[in-house]
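Residues per chain are reported as follows:
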Amino acid sequence: MTVRVLRFTWRDCLFAHWSVDTAALEAAIPDSLALDTYDGQAWVSVLASTVENARPPGTPHLLGATFPQVNVRTYVRLGDAVGVYFLSLDTGSRLAVRVARRLYRLPYYDADITVETDGTHRIHARRRHPETLPVEFEATYRPKNGATVPETGSLSYFLSERYRLFVPQAGMTARVEHDPWPLHPVEADVWADSLFDAVGLPLPDAEPRVRYCPAMVFHVHAPKRLD
């Protein structure tokens, strides 16, 4: 039994999913992991949200950290265990960047991120981490009514219901708890070219599959050593 070490809420979550070339993606992940595919197709996702009240369990609500974040992830497996592997994480919190890089060797980057919400959501991120390529991400999105929870075995379930994080560069894995995602259809314009460039992947020709969730609470468990 592991112990919960972090609690936070993702607010105004935009999911943008692209099917990608499997060979190119295999070259971008560590050799210790295998790609997890859906009907033989590999996927990369960009998730933009505001991380709200991130704090260890038991810490007063007012002491939680809140910051915008844009992460790029793909879907992997190790033996019978499936989860996600982060290719990059851009955030407006200098503290989050330094803690995650030092303790977990996660690819966090300092970024200037602005978020606007007035019925239509807008997010713009510009990476400003030292000695990195110029990277920008921008999205404008308006959610629609009619949220549904992904059906087991569907592509939406494959892309959203993930309960493990792999960090092989630190020799760690961690379990993540959250409720099933209530996903809304959404109208969105997404610009992510340089995010793909920065991780060595060509931007897919097809438009992304996009979804929205207003909020989700996460609990992250203490990391365990990878066997």
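Before reading further, recall that the structure is shown in the block above.
Residues numbered from 1 in each chain as written. Predicted model: local features only at pLDDT ≥ 70, side-chain atom pairs only at ≥ 80, totals over all residues. Heavy atoms only, no water.

1. Observations concerning the side chain of D36
Here comes step 1: Within the element layout of this structure, D36 appears in the loop between β2 (34–35) and β3 (42–55).
Here comes step 2: Discounting chain neighbours no more than four positions away, the residues touching D36 are Y75, V76, R77, V82, F158 and R162. (Helix = DSSP H or I, 4+ residues; strand = E, 2+ residues; numbered from the N terminus. Contact = heavy atoms within 4.5 Å.)

2. Some words on helix α2 (residues 94–104)
Note: α-helices contain 3.6 residues per turn, so residues at a spacing of three or four share the same orientation.
Here comes step 1: Residues of α2 that are buried: A96, V97 and A100. Down the axis of α2, the buried set is contained in an arc of 100°. They therefore lie on one face. Exposed and oriented more than 90 degrees from the buried face of α2 are L95 and R102.
Here comes step 2: Its buried side turned inward, α2 meets β4 (65–78), β5 (81–91) and β6 (108–117).
Here comes step 3: Among the residues trailing α2, R105 stands out with phi positive, at a value near 55°. (Buried < 20%, exposed > 50% of the residue type's maximum accessible area, 1.4 Å probe, protein only. Arc of directions from axis to C-beta.)

3. A short note on the pairing of β6
Here comes step 1: Across 3 bridges, β5 lies against β6 in parallel orientation. Directly across from D90, in β6, lies its bridge partner Y109.
Here comes step 2: As paired elements, β6 and strand β7 (residues 121–127) share 7 bridges and run antiparallel to each other. In the sheet register, I113 faces β7, and the bridge partner there is A125. (Pairing = 2+ DSSP bridges.)

By themselves, these figures tell us nothing about what the structure is for.
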